[in-house]
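Residues per chain, in single letters:
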Amino acid sequence: MARLPLAALLLCGCAVLRAPWKPPELPQQAEHLEATTRDGWKISVIHYAGAGRPVLLLHGIVTNERNFDLDEKHSFARWLAAHGRDVYAMSLRGTGESQRPGLTQFDWDFDTYVTQDVPAAVQLVLQRSGAKELDFIGHSLGGMILYAALARGQQGIARAVTIGSPVGFRWGPRFTTWSSAAASTASHLPFISLTAGTLLALPALSWYPTPLALVLYNPQNMDPSVWESFLSVGVDDESPVLAAQAARWMREDRFLSRDGAVDYEQELRFVKTPFLVVAGKVDQLGFPPLVRRGFDALGSSDKTWLLVGEENGASADYGHMDLLLGERAATDVFEPILRWLK
Amino acid sequence: VILALLLALTGGRVYAARFEARNAQVAVWRYAAAGERSGPPVVIFGELGFDNSTVAPLAKALQQRGREVFTPDWRGTGQSTPGPDTEGLEAIFLGDARAALESALRETGAPCAQLIGLGLGGAAVWMLADKACAIVAINVPVRWETPNEAVKLLRGAWPDVLSQHFGNRDAGELILGVPARERHGVGHVTPALTHDVAEWMQGGPLAQRISAAVDKVKTPLLVVSSPRDNLVHPEHALALRQPHDTIVLSRIEGYAREETHLPVPRALFPEVAAWLASH
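Residues numbered from 1 in each chain as written. Chains lettered and ligands numbered in written order. Predicted model: local features only at pLDDT ≥ 70, side-chain atom pairs only at ≥ 80, totals over all residues. Heavy atoms only, no water.

1. Overview of the pattern of salt bridges
Then, number 1: The tally for this structure, following the rule as stated, stands at 28 salt bridges over all chains.
Then, number 2: Residue Arg258(A) is joined to Asp109(A) by a salt bridge in which the shortest nitrogen-to-oxygen separation is 3.4 Å. With Arg258(A) in the loop between helix 10 (240–252) and helix 11 (264–267) and Asp109(A) in the loop between strand 6 (85–90) and helix 3 (110–129), this pair connects stretches of sequence that are 149 residues apart.
Then, number 3: Among the residues examined, Arg258(A) registers a relative accessible area of 46% and is labelled partly exposed.
Then, number 4: For Asp109(A), a relative accessible area of 9% gives the class buried.
Then, number 5: The salt bridge involving Glu107(B) is made with Arg30(B); its shortest N-O contact spans 3.1 Å. One end of the pair, Glu107(B), is in helix 3 (residues 89–108); the other, Arg30(B), is in strand 2 (residues 25–31), with 77 residues separating them in the sequence. (Salt bridge = Lys/Arg side-chain N within 4 Å of Asp/Glu carboxyl O. Helix = DSSP H or I, 4+ residues; strand = E, 2+ residues; numbered from the N terminus. Buried < 20%, exposed > 50% of the residue type's maximum accessible area, 1.4 Å probe, protein only.)

2. Let's talk about the packing of helix 5 (residues 173–186) of chain A against helix 10 of chain A
Residue and element names in this part refer to chain A.
Then, number 1: Helix 10 packs onto helix 5 with a crossing angle of 150° between their chain directions and a minimal axis gap of 7 Å. Viewed along their axes, helix 5 and helix 10 adopt a mutual orientation that is roughly antiparallel. Both helix 5 and helix 10 take part in a crossing whose hand is left-handed. Side by side, helix 5 and helix 10 meet where Thr176, Ser179, Ser180, Ala183, Ser184 and Ala186 of the first sit next to Pro240, Ala243, Ala247, Met250 and Arg251 of the second.
Then, number 2: Classifying every residue of the contact of helix 5 with helix 10 gives 6 nonpolar, 4 polar and 1 charged. (Axes fitted to C-alpha atoms, helices over the stretch in contact; angles between N-to-C directions. Parallel < 35°, antiparallel > 145°, perpendicular 65-115°, else oblique. Left-handed = near helix turned anticlockwise from the far one by under 90°. Contact = heavy atoms within 4.5 Å. Nonpolar A, V, L, I, M, F, W, Y, C, P; charged D, E, K, R; others polar.)

3. Description of the interface of chain A and chain B
Then, number 1: Each partner contributes to the interface: chain A provides 22 residues, whereas chain B provides 25 residues.
Then, number 2: Around 2000 Å² of area is buried between chain A and chain B when both sides are counted, 54% of it from carbon and sulfur atoms.
Then, number 3: At the junction of chain A and chain B, the tally comes to 2 salt bridges.
Then, number 4: Its salt-bridge partner being Asp317(A), residue Arg228(B) comes within 2.7 Å of it at the nearest N-O pair.
Then, number 5: Across the chain A-chain B interface, the total number found is 10 residue pairs in polar contact (both at pLDDT 80 or more).
Then, number 6: Listing elements by their share of the side of chain A that touches chain B, those giving two or more residues are helix 5, helix 8 (211–216), helix 12 (288–297) and strand 10 (303–308) of chain A.
Then, number 7: The greatest single-element share of the side of chain A that touches chain B, amounting to 4 residues, is contributed by helix 5 of chain A.
Then, number 8: Looking at side-chain class alone, the side of chain A that touches chain B contains 11 nonpolar, 6 polar and 5 charged residues. (Buried area = accessible area lost by both parts, 1.4 Å probe. Polar contact = N/O pair within 3.5 Å; in protein donor to acceptor, adjacent residues only side chain to side chain.)

4. Some words on the environment of Phe230(A)
All names here are of chain A.
Then, number 1: Residue position: Phe230 is located in helix 9 (residues 224–234).
Then, number 2: When the C-alpha atoms of Phe230 and Arg66 are compared, they prove to be 7.7 Å apart, with 164 residues separating the residues in sequence.
Then, number 3: Beyond its immediate stretch of four places on either side in the chain, Phe230 contacts Thr63, Asn67, Leu70, Val235, Met321 and Leu325.

5. Regarding helix 9 of chain A
Then, number 1: Here helix 9 of chain A lies mainly inside the structure; 8 of its 11 residues are buried.
Then, number 2: Among the residues of helix 9 of chain A, those classed as buried are Val226(A), Trp227(A), Glu228(A), Ser229(A), Phe230(A), Leu231(A), Val233(A) and Gly234(A).

Any functional reading would require information beyond the geometric quantities listed.
Listed below in structure tokens is the structure:
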């Protein structure tokens, strides 16, 4: 039994030693804005000035805007701005710099993101830029939020892109069982503290490709040091209410609102916005057949499917996080997206 | 005694017969059950352009578990004679595959068989589903609705290059890119077959017939897909609209790697056998 505290001590020590002393910083020209939701949250929006129709970027689950801007070499936001686009990257409530006056209660669900955070951010971007419409790019859960927002009639979006965003929830039986059990367990916690847990486990997560890391990225495309850097700044805590909602999605294989009244997959048939749906060939979370369900459900007449893999001309088969942070993502992912937006 | 001798001499594989099927002599191999026979017969359809070698290891594994297994050599491969150049995919699905199924039902007296399909040839399971008690589809396309460069290339290459310029070249080289040293059991592909496969991929009338056949399937279904299959993508193989069980051959599901189109990993055999036993 004496080994357990010793191991914990070593792990903590390693975490302290291995954690970057100074996280990668945002560029000086990035401007920090805030959008206020109807229920009082201040949603953080980072602005990378450019020209033309603005682009709003939305991150995935348990991450924040750093998903799109880790550092100079791994930044979709800076890359888009350098290619002439006016870019805004938002952080959902409870993540990044978004905050609420007073004590934070982790009581929000998926629909709160859709009905509160997204409308506030869209309004801010349109007001700030003076544009009538914006382009919206969502990664992972961010893409699912984009689907749901459009299914609920969100206005002001000219062209939409989802990256690795599943609409079905049946992976193989083992992963489905494991992830459903994890979400159900997490739903009983007061809040899901991933920030502290990630820092503690940083050495184990970054020194070699652990099974968890392999679920999240393809090591052929992303150096473990980039992954480590992302874990130190890009991971945030999550609401257990959202975990309960996600557990239901996986149990029933249906993309439902929390009260079950809206089946977002069914409602997508009414969405006519031009859409680009991007999937990574070996993405374990945004498993291509499950991402494809969203593409198939869309009612848009102008919709394009992009599977990022070697057989489609990419330098490698892409996993979940390397779609944004991969060493060659600019060529394999960003360029096709920018071409489509144009 | 004769059966035991045959088993000993052939390593467990018993040559059943050749059947006349739409202008070809189709060889159907029978893997007699080891020990006490259990369950209905199993008929396995391998990849197009190959004899039964793409599914023989799976057939042997099921045989060892007491299953009576039948599998054909597609026309022009293995012990089957080539058909006329004008015979294509329909001759394979409704000629060769049906002959194998009917021989299995006749030999065992069973009213239905459990069908296993692999790859493009495995799509025979959809066309013969009315005689199936259960179906396992391993990297079998349901619909070719996803445009991608590999399929585009094949679509272009099959009718124009394969049929007109290369004629009867080895299917393994042109269909799957299998290195020459690994090409076992490769046979000949007729121009009509290449034309039909191209039409299937392009969503022509044949594709619609196959899709309609898939949608009518009522029997229990197990769909197996390989994440790195660049020919039959997971979104091709998993595009079923009815309830089905799924196995994904990936690391997070406990397999050694992200599998490709061929070969079928041995780790899958026990899972397929267990699923068949429970259906």
